[in-house]
Amino acid sequence: MQTRAPRANVPSNPAAETGANVEECVERTHSLALKGVDVSYWRAGAGAPVLYLDAEDSYGGREPFLHALAQGHDVVAPEHPGFGRTATPDWLKTMGDLALFYLELIEALNIGPVHVVGASLGGWAAAEAAVRSPHLFKSITLLAPLGLRALGTPFGDVFIWTPPENARGTFHSAEMAQAVLDRPMSREDTAAALQSRYATTRLGWSPRFFSPELTRWTDRLRAPVHLVWGDEDQIAPIAIAKSWTDALPHARLSRVPACGHLPHVEHPQAVADKVASFIREAH
Amino acid sequence: MQFHAFHLMPYRHLDFAEADQHRSYWVNLPNHMWDRSKGPSLYAEYIGQLVHAAECGFEGICVNEHHQTAYGLMPAPNLIASALIERTRGMDVKIAIIGRALPLVANPVAIAEEFAMLDNLSDGRIIAGFVRGIGCEYHSSMTNPIYSHERFHEAHDLIVQAWTKDGPFPFEGEHYNLNYVTLWPRPVQLPHPPVWIPSQGSGETIDWAAAPERKYPVIMAFSPTETVVKFHEAYRKAAAGYGYEASGDQLGWSTPVYVAETDELAAQEAAVHIEALFNHFFHIPTEYLFPPGYTSIRSFQAMMEFRKGLATEKQTLSDLLSRGNCIVGSPKTVAARIREVHERTGFRIMVPMIQFGTLPDDLVRKSTALFAAEVAPQLRGL
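Values in this document were obtained by computation on a predicted structure and should not be read as measured data.

A few words on the overall build of chain A. Per the secondary structure count, chain A includes 11 helices and eight strands. Taken against the 2.2 N^0.38 rule, which gives 19 Å for 283 residues, the C-alpha radius of gyration of chain A at 17 Å falls within 12% of a compact globule. With the C-alpha coordinates aligned to their principal axes, the bounding extent of chain A is approximately 50 × 45 × 40 Å. Counting every position in chain A, which comprises 283 residues, the buried fraction comes to 56%. For chain A, the share of sequence-separated contacts (at least 6 apart) that also reach a separation of at least 24 residues comes to 73%. Counting every atom, chain A has about 11,400 Å² of accessible surface; 52% of that belongs to carbon and sulfur. Where the 25 positive side-chain charges of chain A centre and where its 31 negative ones centre are 4 Å apart.

Within chain B, the regular secondary structure consists of 14 helices and 11 strands. Against the compact-globule benchmark of 21 Å for 382 residues, chain B has a radius of gyration of 20 Å, which places it among compact chains. Here the C-alpha coordinates of chain B stretch approximately 60 × 50 × 45 Å along the principal axes. Partitioning the intrachain contacts of chain B with sequence separation of at least 6 by distance along the chain shows that 75% fall at a separation of at least 24. Carbon and sulfur atoms provide 53% of the accessible area of chain B, an area that totals close to 15,500 Å². If the 31 positive side-chain charges of chain B are averaged to one point and the 42 negative ones to another, these points end up 2 Å apart.

A few words on the confidence of the model for chain A. In the predicted model, chain A carries a mean pLDDT of 92, and the fraction of residues at 70 or more is 91%. Here residues 1–24 of chain A scores under 50 on pLDDT; set against residues more than four positions off or in separate chains, the count is 50 contacts.

Turning our attention to the packing of aromatic side chains. According to the stated counting rule, one finds 27 aromatic pairs over all chains in the structure shown. Joined through ring pairs, the aromatic side chains of Trp-26, Tyr-71, Phe-222, Phe-278 and Phe-282 of chain B make up one cluster. Above the ring of Trp-205 of chain A, the side-chain terminus of Arg-208 of chain A is found at 4.5 Å from the ring centroid. Over the aromatic face of Tyr-244 of chain B sits the side chain of Lys-215 of chain B, whose NZ or CZ is 4.2 Å from the ring centroid.

Residue and element names in this part refer to chain A. Strands sit in the order β1-β2-β4-β3-β5-β6-β7-β8 across an open sheet of eight strands; the sheet is mixed. At either end of the open sheet lies a strand with only one pairing partner, and these are β1 (28–34) and β8 (252–256). Each strand of the sheet is rotated relative to its neighbour by a mean of 20°, with strand direction disregarded. Where strand β3 (residues 48–53) lies against strand β4 (residues 73–78), four bridges are found, and the strand directions are parallel.

Counting residues in each nonpolar core, the largest one holds 202 residues, and the members touching the most others are Phe-137 and Trp-244 of chain A together with Leu-14, Ile-338 and Phe-371 of chain B. Tallying contributions element by element places helix α3 (residues 95–109) of chain A first for this core, with nine residues. Excluding anything up to four places from it in sequence, Phe-137 of chain A contacts Leu-103, Ile-106, Pro-113, Val-114, Val-116, Ala-129, Ala-130 and Ala-223 of chain A. Listed in part, the 29 residues of the second largest apolar core include Tyr-52, Ala-68, Leu-262 and Ala-272 of chain A.

What counts, and at which threshold
- Residues numbered from 1 in each chain as written.
- Chains lettered and ligands numbered in written order.
- Predicted model: local features only at pLDDT ≥ 70, side-chain atom pairs only at ≥ 80, totals over all residues.
- Heavy atoms only, no water.
- Helix = DSSP H or I, 4+ residues; strand = E, 2+ residues; numbered from the N terminus.
- Rg over C-alpha atoms; globule rule 2.2 N^0.38 Å.
- Buried < 20%, exposed > 50% of the residue type's maximum accessible area, 1.4 Å probe, protein only.
- Contact = heavy atoms within 4.5 Å.
- Areas by Shrake-Rupley, 256 points an atom, 1.4 Å probe, with all protein chains shown as cover.
- Lys, Arg positive; Asp, Glu negative; His and termini not counted.
- Charge placed at Lys NZ, Arg CZ, Asp CG, Glu CD.
- pLDDT = per-residue confidence, 0-100.
- Phe/Tyr/Trp six-rings, centres within 6.5 Å; stacked < 30°, edge-to-face > 60°.
- Lys NZ or Arg CZ within 6 Å of the ring centre and 35° of its normal.
- Pairing = 2+ DSSP bridges.
- Axes fitted to C-alpha atoms, helices over the stretch in contact; angles between N-to-C directions.
- Core = buried A, V, L, I, M, F, W, Y, C linked by side-chain atoms within 4.5 Å.

Pasting the structure below:
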């Protein structure tokens, strides 16, 4: 692993970057025009390619996890179309659209078959992509994914929660919840967070955070599946993990004690270690 | 000027002390607070009040649609409209349903059909209203608010075509797709029942309603006077932009109104009831009122910044009067308030909400009669 260069927003030549460059270990933000979207993606590390699909809102806290994961992997972490600072393309209507977009991205970057790691809504997108093209995935790691429901255990209603309730419902650590509430937000930051919330509504309002179609096709998740779930998750309560393990009897479930809905943000190193070890076994 | 009496039909027997403990009066207010013994008499009382307004000489009586809330008990306003039609048979009074929430239904043809039935039942006395529904309705029905505007516009087009075009015809949309649209019955009024658009004043709605192919009256509801004036002006400006001058018959104002013999008596009789409306029934958190997509991100941010500056304390009648959120006073005072806004905007559709909050039957009827006898005649020629 080479020394990490300071993060830079480098406007890049997409043609020069569509090939995976395993020699490149510096951390950079790239952009790529794909399906009418200027996709911005973070990339760092060297090794087996890992596609990281973010949660609908990681509260700006995904980087320690990504840095840890980039020790030994070529990590590609795009911003979802329609989320954050990325415009909403006309074609984005359902999670199926997002899944097909990521199949396009895997092909465009030539990183398949890939290890995918998806958090919450990103986990849902990963599963939707993997049932469509199982051969493009070497392993599937889902961090408290949305996408399947458990009867009798509704998802936390993030749309009626106030911002403080959302922070407290996301993190088990009260300090962490307070820290995200206290972090300075420019008007642009707030607009980007709203953009993600609107996109989450577009894709997940109804049926709320699950897909009946995915439910019927989980047997097409043919790569090894690893579920990582916070014991104290209030958005996707741990009871929902059973829907996944019932559907996927060979899946591994790693429970994370004292942890809410974003295990990779709340316990970045421990979760990165679990993820890395699973990827190593699956490789 | 024409006068139309409006009713929300709130659950006025609510235990506010308990209801205030809950997150909202909308969407998920526990319904063990509903007293089954009071429902039948409450509907009878409210329907009676609207029929009384018709008997007193109002040009129209109005109902609207809300779901899962103590604020208004008309999830299916056309049922009430149907009862009102029978109770006012032979009278020259309009029945205005302002409005049905179009995006919430799976097949808007059902709304076209219901209105066509009502138009026949009333022999052409209905006014149809179209709304998106307030944000809460998207939480209770789980309709995706991102598509609220799209579904509203598409459902509107489908309904107007169903009323006006010879069927069967296919409708090919993004949200609604039907191979055969052919209404049985067809509406009585030509080219179709009048359409009113109740609004909180979104610029997009005003531009859309004012377009020459529609010229729908917009009824500004629940806004402070200055906001009503601003949006009437916006409508006039939009019309001018389309190359015509808006008529006062395209501009409406709906607000709670209470009339008594003197200003003092009116304030004394109305205060607790109007405060119940604004301080209790309107208890709606931002997240309920503005689900993502119900407004654009830009309007949402502007609105949040605006609301930051607002006091969250309980509002008194005098606060509400000073902002013009309601009209309370003697016939002379009430007429003067309406005339003042008319002089500024030229609006000609006045929609007084004759009952509000906990206002009991005897006071509703006294105020309604005074309005009809002593306020409306002073203004009708405007």
